[in-house]
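A look at the structure
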Amino acid sequence: MSGFPWLTILIVLPLIGAAIIFAVKDSSVRPVTLGITVTDFLISLPLWWLFDASSDQMQFVESARWIPALSISYKLGLDGISLPLVIMTTILMPLCVLISWHAIETRIRSFMAMLLIMECAMIGVFCALDFVLFYVFWEAMLIPMYLLIGIWGGPNRLYAAIKFFLYTFAGSVLLLVAILVLYFQGGHTFDVLALSQQTYGLELQIWLFVSFFVAFAVKIPMFPFHTWL
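Keep in mind the model is a prediction, meaning the values are calculated, not measured. (Residues numbered from 1 in each chain as written. Predicted model: local features only at pLDDT ≥ 70, side-chain atom pairs only at ≥ 80, totals over all residues. Heavy atoms only, no water.)

1. Describing helix α4 (residues 108-127)
Residues lying three or four places apart along an α-helix face the same way, a consequence of the helix completing one turn every 3.6 residues. So the rule is basically this: Strands are runs of DSSP state E lasting at least two residues, helices are runs of H or I lasting at least four, and both sets are numbered from the N terminus onward. By this rule, a helix spans an expected 1.5 Å times one less than how many residues it contains. For each residue, the accessible area found with a 1.4 Å probe, counting protein chains only, is set against the maximum for its type, and the residue is called buried under 20%, exposed over 50%, and partly exposed in between.
For α4, spanning 20 residues, the distance from its first C-alpha to its last is 29 Å, which sits close to the expected 28 Å at 1.5 Å a residue. Summarising burial for α4: 17 of the 20 residues are buried, a large majority.

Here's what the structure looks like:
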């Protein structure tokens with residue numbers, strides 16, 4: 001891994017926090033969760049100041065061998081699109097904790113843990129430069145989202161949770177197939193940057209776009225995949 005691991009810290013800190021809140025007193029769960037999310041936000045701020053907007057290269061890149069036999073690596077990085085999304089995520093999470101401060105009165109410890117796990121996965125999605133790593137983070141988001149909907153949702157929460165699962169399962173299958181097609185068509189690599197340099201036929205491009213679009217549209221959620229919400 002090269003350089004200071006800014007992105008790894010941003011990803012791992014909420015995950016560690018999710019474990020910590022199960023070891024603190026009930027009265028400390030909310031303040032500790034807020035402290036963790038605020039800390040993650042403060043850690044993300046230097047990325048904005050250090051980011052070179054004049055460069056078209058990925059920055060803050062971290063890379064390590066993961067599964068070499070399958071050309072899978074632990075690779076993270078940010079560009080001018082993903083950086084604002086990471087900052088936005090770290091800003092929103094303390095607000096989510098504050099908004100739920102009095103709104104959530106049952107299973108508070110588990111609720112806060114789900115928020116932190118989801119923050120870990122969301123930041124990972126925006127930073128991943130390996131498609132397998134991206135897919136792991138993408139799928140990891142489904143578990144806390146499903147539980148947040150099913151346990152702390154509105155009157156129709158169970159219906160919404162099941163519908164969310166079915167929608168996202170279909171989208172995830174499409175996403176996985178598209179990633180595997182890219183792997184075989186792009187030189188047997190899951191490296192996002194390497195795959196972006198390859199040439200693909202128009203028909204394949206359209207098929208891949210539709211697959212990725214449906215997977216993303218479910219999660220946003222975008223019409224007509226929004227009804228689970």
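After that view of the structure, there is still more to cover.
2. Digging into the pattern of salt bridges
Any two side chains of opposite charge can pair if their charged atoms end up close together. Test applied: The salt bridge definition used is simple: a Lys or Arg side-chain nitrogen within 4 Å of an Asp or Glu carboxyl oxygen.
Going through the model one piece at a time under the given rule, you end up with three salt bridges. Salt-bridge contacts for Asp26 lead to Arg109; the nearest nitrogen and oxygen are separated by 2.0 Å. On the criterion of sequence distance, the pair formed by Asp26 in the loop between α1 (6-20) and α2 (29-50) and Arg109 in helix α4 is long-range, its members being 83 residues apart. Asp26 gets classed as exposed once you look at its relative accessible area, which sits at 60%. Note that Lys75 is salt-bridged to Asp191, the shortest N-O span being 2.8 Å.

3. A word on the nonpolar core
Using the following cut-off: What makes a nonpolar core is a set of buried Ala, Val, Leu, Ile, Met, Phe, Trp, Tyr and Cys residues whose side-chain atoms join them at distances within 4.5 Å. Only heavy atoms enter the contact rule, under which two residues are in contact if any of them lie within 4.5 Å.
Counting 64 residues, the largest nonpolar core has Leu7, Leu78, Met112, Leu115, Phe131 and Leu175 as its most contacted members. Mapped onto this core, the elements with two or more residues apiece are α1, α2, β2 (72-78), α3 (82-99), α4, α5 (131-152), α6 (157-185) and α8 (202-219). Residue contributions to this core peak at 14 residues, all from α4. Non-local contacts of Leu175, meaning those with residues more than four positions away in its chain, are made with Phe134, Tyr135, Trp138, Phe212 and Ala215.

4. With respect to the pairing of strand β1 (residues 59-67)
Taken residue by residue, a regular strand's side chains alternate between the two faces of the sheet. As a reminder of what qualifies: Note on pairing: DSSP must find at least two bridges between two strands before they are called paired.
Note: β1 against β2, six bridges, orientation antiparallel. Pairing of Ile67 across the sheet is with Ile72, part of β2. Between β1 and β2, which follow one another and run antiparallel, lie four residues, and Ser71 among them has a positive phi close to 60°.

5. What about the layout of surface pockets?
To find leftover empty space, one rolls a probe the size of a water molecule over the atoms. Which entries qualify depends on this criterion: A cavity, in this analysis, means grid points on a 1 Å lattice covering only the protein atoms where a 1.4 Å probe fits yet has no way out; a pocket is instead an open set bounded by protein on both sides within 12 Å along at least five of seven lines, and a residue lines either one if it has an atom within 4 Å of a point. Grid points are joined across faces, edges and corners, and a volume is the space filled by probe spheres set on the points.
If you add up the space inside the largest pocket, you get close to 1400 Å³. Along its surface, the largest pocket is lined by 43 residues, and Leu85, Val125, Phe126, Trp138 and Met141 are the ones closest to its centre. Elements represented by at least two residues in the lining of the largest pocket include exactly α3, α4, α5, α7 (192-196) and α8.

6. Details of unusual backbone geometry
Note that the residue after Phe223, namely Pro224, is joined by a cis bond; omega there is 5°. Mapped onto the elements, Pro224 comes out in the segment after α8. Phi at Ser71 takes a positive value of approximately 60°, unusual for a residue other than glycine. Residue position: Ser71 is located in the loop between β1 and β2. Here His188, not a glycine, exhibits a phi torsion of approximately 55°, which is positive. Along the chain, the position of His188 falls in the loop between α6 and α7.

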